[in-house]
Amino acid sequence: MKQTTDYKKTLPVPDEMSKPFFDGARQHRLMLQRCSACGAVIWPVKPRCDNCWSAEITWVQASGKGTLYSFALVHQVYHPGFATEVPYNIAQVNLEEGLRIITNVVGCPNAELQIGMPLEVTFEDITDEISLPKFKPAG
């Protein structure tokens, strides 16, 4: 696992509820919650289903495929850890599973981002414990 040694951004701190998500990311698997009662896919991590209010929640691996729904380019340095990356994108990605998540698109110049472009998950290995899902152009 290749790690970023000079990472200057704030690292997420997994808690009991989000641990399966981060465990999956460390294994390069995008994990989502699914309601066992009604089948709804849930994001962000929650103790109950938004659809039927059931607490019967399981973790499933997502396909990792999606399309770019929207994005914005950030030109202002709001945190010193991002200083070398401006302008960077913040993207909304529609997953095949029917959810929309916020992430970054990597491996593609910002000028080439297009709404509707097919994307697939990739992972940035930060430490031995933390890998973060990002998206890149599919194929």
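My aim in this report is to walk through the structure given alongside it, one point at a time. Owing to the predicted nature of the structure, the values given are computational and were not obtained by experimental measurement.

**Looking at the packing of aromatic side chains**
- A full pass over the atoms with the stated rule returns three aromatic pairs.
- Plain terms: the ring middles of Phe-21 and Trp-43 are 5.1 Å apart, the flat faces sit at 45° to each other, and that makes the pair tilted. A residue pair is termed long-range when its members are at least 10 positions apart, and Phe-21 in helix H1 (residues 19-26) and Trp-43 in the loop between strand E2 (41-42) and strand E3 (57-61) qualify at 22 residues.
- Under the relative-accessibility criterion, Phe-21 is labelled buried at 9%.
- Seen in terms of ring centroids, Phe-82 and Tyr-88 are 4.9 Å apart; in terms of plane orientation they differ by 25°. Their pairing is stacked.
- Note on Phe-82: relative accessible area 23%, which makes it partly exposed.
- An aromatic cluster of three or more residues is present, and its members are Phe-21, Phe-22 and Trp-43.
- Residue placement shows Arg-100 over the ring face of Tyr-69; its charged tip is 3.4 Å from the ring centre.

**Here we look at H1**
- Restricting attention to buried positions, one finds in H1 the residues Phe-21, Phe-22, Gly-24 and Ala-25. Considered in projection along H1, the buried side chains sweep an arc of 160° and stay on one side of the axis.
- Among the structural elements, strand E1 (31-35), E3, strand E7 (118-125) and strand E8 (131-137) are those in contact with the buried residues of H1.
- Positive phi shows up at His-28, right after H1, with a value of about 60°.

**Concerning the nonpolar core**
- One finds Leu-30, Leu-68, Leu-95, Val-105, Leu-119 and Phe-135 to be the most contacted residues of the largest nonpolar core, which totals 24 residues.
- Breaking this core down by element, the ones donating at least two residues are H1, strand E5 (88-95), E7 and E8.
- Beyond its immediate chain neighbours, meaning those up to four positions away, Val-105 contacts Leu-68, Asn-89, Ala-91, Leu-113, Leu-119 and Phe-135.

**Side note on the side chain of Ser-131**
- Structurally, Ser-131 can be placed in strand E8.
- Judged by relative accessible area, which is 0%, Ser-131 ranks as buried.
- Reaching out from Ser-131, the side chain makes a polar contact with the side chain of Asp-125 at a distance of 2.6 Å.

The rules behind these values
Residues numbered from 1 in each chain as written. Predicted model: local features only at pLDDT ≥ 70, side-chain atom pairs only at ≥ 80, totals over all residues. Heavy atoms only, no water. Phe/Tyr/Trp six-rings, centres within 6.5 Å; stacked < 30°, edge-to-face > 60°. Helix = DSSP H or I, 4+ residues; strand = E, 2+ residues; numbered from the N terminus. Buried < 20%, exposed > 50% of the residue type's maximum accessible area, 1.4 Å probe, protein only. Lys NZ or Arg CZ within 6 Å of the ring centre and 35° of its normal. Arc of directions from axis to C-beta. Contact = heavy atoms within 4.5 Å. Core = buried A, V, L, I, M, F, W, Y, C linked by side-chain atoms within 4.5 Å. Polar contact = N/O pair within 3.5 Å; in protein donor to acceptor, adjacent residues only side chain to side chain.

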